[in-house]
Amino acid sequence: MANTTESSNPNLSNDEWCTEINNGAAFGLKIKKKLATKQSDFQLVEIYETEEFGNLMMLDGCTMVSTRENFLYHEMMSHPALFTHKNPKNVVIIGGGDCGTLKEVLRHPNVETVHQIDIDKVVTEMSELYFPELCESNDDPRAIIKFDDGIKFMAEAKDNSIDIIIVDSTDPVGPGEGLFNHAFYRNCLRALRSDGIFVQQSESPLLHLPLLKEMRDAMLDVGFSDLQHVNFPQMIYPSGWWSSTLAKKSGAFEEFRKEDADKAALQWQLNYYNSDIHVGATALPNFLKRAFV
Ligand code: SAM
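Given the structure is predicted, the values throughout are model-derived calculations rather than measurements.

*Asks:* So what exactly am I meant to see when it comes to helix H5 (residues 182-191) here?
*Replies:* Helical periodicity: at 3.6 residues per turn, an α-helix aligns residues three or four positions apart in one direction. Where H5 is concerned, the buried positions are Phe184, Tyr185, Cys188, Leu189 and Ala191. Down the axis of H5, the buried side of the element spans an arc of 165 degrees, and every buried residue falls inside it. Of the surrounding secondary structure, the elements contacted by the buried residues of H5 are strand S7 (90-95), helix H4 (150-156), strand S10 (162-168), strand S11 (192-201) and helix H6 (209-222). Its side-chain oxygen 3.2 Å from the backbone nitrogen of Ala183, Asn181 forms the N-cap of H5.

What follows is the structure in structure tokens.
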């Protein structure tokens, strides 16, 4: 996604807005000041303090996470799959360097291990400094945080060893590109246990439908048996409408654990996810029904 920190509105000075331009649209957040910037071996990591959204992380000019609204994404990238699986014990997160998804997965008491494999330790270092609330579970003894290429990690993962894989990565460009292809999906399928679930952030249904379809077709090509599309709002990403795609290693998606989901949503004081949201998020608008036949 192209980015410019120049304001898209000529009468705003460059240093007032952090704007991302994508698919002929622009999204901007009014900023107070730039807090940090670091070129890692993989991407440019920038942190801004914004007027209304707390801190904002950009990777290579793309909005990644803000203090105010990241709960939408992190809750919806984790709980739908974890409450669909009967009893998830071993979870792997590919990417997720801001640690928000890790925090949500660790809320599940039956989960025994969560491996977080992000290629770039600078993202986690910056998140620990500027998004400490996302990193508060990093010391959980069940959390195993490694900095490595997720492609390599899945290629080396043992057969039938994982219950849920969550790919919380950047877009399919740069280091993220190899997380959206047949070879990667084949390794994830192999590594999942027979009732395992694969989850991947699948971009915007409105702006990126061809890519979304390609991802789905590739997952089915390699042998995933059933797919489930999950819609959710994500204001700082292009179009504000984001999604994840769930894929089952075998069999069809069944009913999720509704009572557990509602009990947890209350107990954990979740801000977005509950069983009604789960049902609504997996409902398809007509244009997606037509596209997914
Ligand atoms: N919520 C964001 C989104 O939907 O675009 C993703 C957030 S997370 C910070 C994205 C992470 O993916 C980054 O930290 C990046 O370093 C990581 N990443 C990209 N390619 C990767 C790869 N091949 N292996 C592991 N992590 C990767």
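After presenting the structure, the write-up continues.
*Asks:* I keep staring at the environment of Met154 and nothing clicks. Help me out?
*Replies:* Mapped onto the elements of the fold, Met154 is located in helix H4. For Met154, a relative accessible area of 0% gives the class buried. The contact partners of Met154, leaving out residues within four places of it in the chain, are Val92, Ile94, Ile162, Ile165, Phe184, Asn187, Cys188, Arg190 and Ala191.

*Asks:* So what exactly am I meant to see when it comes to the site of the ligand here?
*Replies:* The ligand sits among 24 residues. The nearest are Gln43, Asp118, Gly150, Pro175 and Tyr237. Between the ligand and Asp149, the relevant distance is 3.0 Å, taken from a nitrogen atom to a side-chain nitrogen or oxygen of the residue. Relative to its free-state accessible area of 590 Å², the ligand is covered by the protein chains to the extent of 100%. Looking at the shell around the ligand residue by residue, the class counts come to 9 nonpolar, 9 polar and 6 charged.

*Asks:* How do you make sense of the pairing of strand S13 (residues 241-248) when you look at a structure like this?
*Replies:* Consecutive residues of a regular strand have side chains that alternate between opposite faces of the sheet. With 7 of 8 residues buried, S13 is to be regarded as a mostly interior element. As paired strands, S11 and S13 are joined by 5 bridges and run antiparallel to one another. Paired with Ile197 across the two strands is Lys248, which belongs to S13. Direction of pairing for strand S12 (residues 226-233) relative to S13: antiparallel, over a ladder of 8 bridges. Each residue of the ladder has a partner; that of His229, found in S13, is Thr245.

*Asks:* How should the pairing of strand S2 (residues 17-22) be read in this particular structure?
*Replies:* As paired strands, S2 and strand S3 (residues 25-39) are joined by 6 bridges and run antiparallel to one another. Bridging across to S3, Cys18 finds its partner in Leu29. In this structure, the hairpin formed by S2 and S3 is closed by a connection of 2 residues, where Asn23 is found at a positive phi of approximately 50 degrees.

*Asks:* Teacher, can you tell me more about the domain arrangement of the protein chain here?
*Replies:* Often, the extent of an interface is quoted as the loss of accessible area on bringing the components together. What the domain assignment lists for the protein chain is domain 1 (17-66) and domain 2 (70-291). For domain 1 versus domain 2, the distance between C-alpha centres works out to 23 Å. Here domain 1 packs against domain 2, burying approximately 2100 Å² in sum over the two surfaces, 71% of which is carbon and sulfur. Our enumeration of links across domain 1 and domain 2 arrives at 0 salt bridges. Within the residue set of the side of domain 1 that touches domain 2, elements represented by two or more residues are S2, S3, strand S4 (44-50), strand S5 (55-59) and strand S6 (62-66). A per-element tally of the side of domain 1 that touches domain 2 places S3 first, with 6 residues. Of the residues that constitute the side of domain 1 that touches domain 2, the class distribution is 14 nonpolar, 8 polar and 2 charged.

What counts and how
- Residues numbered from 1 in each chain as written.
- Predicted model: local features only at pLDDT ≥ 70, side-chain atom pairs only at ≥ 80, totals over all residues.
- Heavy atoms only, no water.
- Buried < 20%, exposed > 50% of the residue type's maximum accessible area, 1.4 Å probe, protein only.
- Helix = DSSP H or I, 4+ residues; strand = E, 2+ residues; numbered from the N terminus.
- Arc of directions from axis to C-beta.
- Contact = heavy atoms within 4.5 Å.
- Polar contact = N/O pair within 3.5 Å; in protein donor to acceptor, adjacent residues only side chain to side chain.
- Near = heavy atom within 4 Å.
- Areas by Shrake-Rupley, 256 points an atom, 1.4 Å probe, with all protein chains shown as cover.
- Nonpolar A, V, L, I, M, F, W, Y, C, P; charged D, E, K, R; others polar.
- Pairing = 2+ DSSP bridges.
- Domains from an automatic or database assignment.
- Buried area = accessible area lost by both parts, 1.4 Å probe.
- Salt bridge = Lys/Arg side-chain N within 4 Å of Asp/Glu carboxyl O.

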